[in-house]
Amino acid sequence: MIKFENFSKYFNKRLILAIPEFELSTDIYWLKGENGAGKTTLMKSIAGVIPFNGSIIVDGIDIKKQRIPYRLIVNYAEAEPQYPLFLTGTDLIKLYAETKKSSIEQINNLVEMFGISGFVDTKIGTYSSGMVKKLSLVLGFMGNAKFILLDEPLITLDKHSVGVLQNLIETYFLSGVTFLISSHQDIIFNDNIVPKQLLLKENLIIRS
Amino acid sequence: MNNALSKIFVVKFYQLNAGFFLFIFLLFFGLVNIKDVINLHYAIMMQVTNKSFFTLIASSVCLLYTIKCLFSVLKTINLPENSFLYNLQGLNKFNIYKKFFFCQVSIYLPVLIYSLIVVYVGFVHNQILLSVFFFFIQVLLIISCVLIYSYKINSTWKQSILPEITLPAIKRKSLLMYLYYYSVNNRKATFFTIKVFSLLLLQLMVFVNSEQVSSENVCILLLFIMSAHSLLPYYYVRFFETELPFLRNLPISVFYRYILYVFTYSLILLPELVFLFWNELNVLGSSTLFSIYFFGIAQLALFTGLQYLKGVTIERYSTIVLGLFFVSMLLLAAIGLWYLLFVELLLSIFIFLAAYNKYEINTEQS
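## Quick notes on the overall build of chain A
Then, number 1: Along the backbone of chain A there are 6 helices and 10 strands.
Then, number 2: Against the compact-globule benchmark of 17 Å for 208 residues, chain A has a radius of gyration of 17 Å, which places it among compact chains.
Then, number 3: With the C-alpha coordinates aligned to their principal axes, the bounding extent of chain A is approximately 45 × 35 × 30 Å.
Then, number 4: Burial analysis of chain A (208 residues in total) assigns 58% to the buried set.
Then, number 5: In chain A, the proportion of contacts linking residues at least 24 apart, taken out of those at least 6 apart, comes to 69%.
Then, number 6: Summed over its atoms, the accessible surface of chain A is roughly 9,400 Å², and 51% of this surface lies on carbon and sulfur atoms.
Then, number 7: Here chain A carries 22 positive and 21 negative side-chain charges, and the mean point of each set is 7 Å from the other.

Right, dumping it as structure tokens:
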């Protein structure tokens, strides 16, 4: 499903991550590691937000060789999303809908589930951090992703939205979507869904 | 504390406005030879202290620069990472005034030095009244800013004394227009100052010698104008890379991302094109005017592409803008406008396509 080949990431010549060969099959993965271990860096690399050495291949699609098809199947929701304050939630949803090829039905469902319909037409500058987080999760689930990266998805979320998120992850997973989630808070799934744990330690990724 | 305030307000101000200052410097001291520079400025200073009309114009220029400083400092205070500045509320008023006086004088220094020389020249030539008036204006502008900054720091629980200018919301915002919206929402002061300045320069050119204008003259003037505009590509790249990093996760081709910039430049240079058509169509012809317009777009596109090269900080960017100014001037004389336009455009595309995916913003400079 996802394959790393000679992956490495440096910041100012300091090695942050090195993954020579690594493969993950379709599943839910819980990415763990201490602060500064490189969890967000790994997620941003997989999402194509930051450059790196080596290669990442998802479902046979190489991030560097097939840039556009790759980004159609890999979605990313940031830990602390920030958007231009002059835009509205609707502006961003429409942008994602056009680029990620999301259906109206899917958008309406996500907007309804996260309860953002009441404020989605107002400028993001008026949102609380929890509202921005909900918007980022809606965007993260849009389109036909095969691989969704959720960086600290629970922070600033209310109890209802946590439940919605858990249900969504289960539903998408059962339809064949792989998740990589980093969270310092527990996410409780149904008994038959047990996330596999990955640990980032000393620049390496380890199955635990 | 003074050191921290200096870094937050003063150093950042000069870093962000390096292109603007370069432009002003070239305009004031680079247009005529060194001997004439002194005579020119001496004549200007004499006019300012001799005739009340010119004193008012000079005071207005000082006011414009003060507004620029004011917007910059208030914007900096409002940044989330600077919320700790409200701890200054713990100081007594005199101390707060002192600290902001230091900051304001530091960022106002270029105008202040020039103004004090004007006042000195006025006194030497016994133009006491207008010199005192002009000096009084300087003091008034500085004190006003200090009072506004101090009020801002001490008014977290009060409503702002300055009305917030918000532009009407537009229902559907296309990605193509994001940079334009960013300009008129987040960078209002910079954007409109550059545009007004640019049009004033063109007006000056028309006023001085509209009948003898050549495409070379307009191009050299355009190079000055583009140097002033160079601040916008800097802000635009920062905007896309820090406020819209998620765009890199969207399935959009790199070339389309380049087009987003070029489209915005073609939009923001429209006032200059309309102005030239209005005033110079008979002298230069539509083909030349369009080539001048496209040359402006190509230059801004090149400024954008160059920022994606590894290690281009704001300091290096300012140097590049300066270097490009002289190189473009030489090439303009050597190979002509259309060739230079295509060279700069192709170069900008090549650099952008090659560097975009390898680029990673240096968070220290964002």
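## Overview of the nonpolar core
Then, number 1: Leu92(A), Ile93(A), Phe141(A), Leu150(A) and Phe179(A) are the most contacted members of the largest nonpolar core, which has 122 residues in total.
Then, number 2: In terms of residues, this core owes the most to one element, helix 13 (residues 286–307) of chain B, which gives 10 residues.
Then, number 3: Among the domains, domain 1 (1–161) and domain 2 (162–366) of chain B are the pair contributing at least three residues each to this core.
Then, number 4: Ignoring any residue separated from it by four or fewer positions in sequence, one finds Phe179(A) in contact with Asp27(A), Ile28(A), Tyr29(A), Phe141(A), Phe147(A), Ile148(A), Leu150(A), Ile169(A), Tyr172(A) and Phe173(A).

## Side note on the sheet that holds strand 2 (residues 14–24) of chain A
All names here are of chain A.
Then, number 1: Strand order in the open sheet made by the 4 strands is 2-1-4-5, with antiparallel pairing throughout. Lying at the two open borders of the sheet, with one neighbouring strand each, are strand 2 and strand 5 (61–62).
Then, number 2: Bridge analysis of strand 1 (residues 2–11) against strand 4 (residues 53–58) gives 5 bridges, and the strand direction is antiparallel. Paired with Phe4 across the bridge in strand 4 is Ile56.
Then, number 3: Helix 1 (residues 39–47) contacts strand 1, strand 2 and strand 4 of the sheet and is inclined by roughly 120° relative to strand 1.

## Digging into a nonpolar patch on the surface
Residues and elements named next belong to chain B.
Then, number 1: Together, Leu116, Phe135, Val139, Ile143 and Leu147 make up an exposed nonpolar region whose accessible area comes to about 400 Å².
Then, number 2: Per element, the largest residue contribution to the nonpolar patch is 4 residues, and it comes from helix 6 (residues 128–153).
Then, number 3: Among the secondary structure elements, Phe135 is positioned in helix 6.
Then, number 4: For Phe135, a relative accessible area of 40% gives the class partly exposed.

## What to know about the sheet that holds strand 3 (residues 28–32) of chain A
Residue and element names in this part refer to chain A.
Then, number 1: The strand order across the open sheet formed by 6 strands is 6-7-8-3-9-10, and the pairing between neighbours is mixed. Whereas interior strands pair on both sides, the edge strands pair on one side only; in this sheet they are strand 6 (74–77) and strand 10 (204–207). Ignoring which end each strand starts from, the neighbouring axes of this sheet average 20° apart.
Then, number 2: Pairing analysis gives 4 bridges linking strand 3 to strand 9 (residues 196–201), with the strands arranged parallel. Within strand 9, the residue paired with Tyr29 across the bridge is Lys196.
Then, number 3: Strand contacts of helix 6 (residues 159–174): strand 3, strand 7 (147–151) and strand 8 (178–182), with the helix running at about 145° to strand 8, the strand carrying the most contacts.

## Some remarks on the pairing of strand 8 of chain A
All names here are of chain A.
Then, number 1: Within strand 8, 5 of the 5 residues are buried, which leaves it mostly tucked inside the rest of the structure.
Then, number 2: Across the two faces of strand 8 the burial is the same, with Thr178, Leu180 and Ser182 and Phe179 and Ile181 all buried.
Then, number 3: Here 4 bridges tie strand 3 to strand 8, and the two strands are oriented parallel to one another. When the bridges of strand 8 are listed, Ile28 appears paired with Phe179.
Then, number 4: You can see the chain leave strand 7, run along helix 6 and come back into strand 8, and the turn it takes is right-handed.

## Remarks on helix 7 (residues 178–185) of chain B
Then, number 1: Among the 8 residues in helix 7 of chain B, 7 count as buried, and that is most of the element.
Then, number 2: Along helix 7 of chain B, the positions that sit buried rather than exposed are Tyr178(B), Leu179(B), Tyr181(B), Tyr182(B), Ser183(B), Val184(B) and Asn185(B).

## Concerning the confidence of the model for chain A
Then, number 1: Taken over all residues, the pLDDT of chain A has a mean of 91, while the share at 70 or more is 100%.
Then, number 2: Per-element mean pLDDT across chain A ranges from 82 in strand 10 of chain A up to 96 in strand 7 of chain A.

Each value, and the rule that gives it
Residues numbered from 1 in each chain as written. Chains lettered and ligands numbered in written order. Predicted model: local features only at pLDDT ≥ 70, side-chain atom pairs only at ≥ 80, totals over all residues. Heavy atoms only, no water. Helix = DSSP H or I, 4+ residues; strand = E, 2+ residues; numbered from the N terminus. Rg over C-alpha atoms; globule rule 2.2 N^0.38 Å. Buried < 20%, exposed > 50% of the residue type's maximum accessible area, 1.4 Å probe, protein only. Contact = heavy atoms within 4.5 Å. Areas by Shrake-Rupley, 256 points an atom, 1.4 Å probe, with all protein chains shown as cover. Lys, Arg positive; Asp, Glu negative; His and termini not counted. Charge placed at Lys NZ, Arg CZ, Asp CG, Glu CD. Core = buried A, V, L, I, M, F, W, Y, C linked by side-chain atoms within 4.5 Å. Domains from an automatic or database assignment. Pairing = 2+ DSSP bridges. Axes fitted to C-alpha atoms, helices over the stretch in contact; angles between N-to-C directions. Patch = residues over 30% accessible without salt bridge, like charges linked within 9 Å, V, L, I, M, F, W, Y side chains within 5 Å. Salt bridge = Lys/Arg side-chain N within 4 Å of Asp/Glu carboxyl O. Right-handed = clockwise from strand over helix to strand, strands pointing away. pLDDT = per-residue confidence, 0-100.

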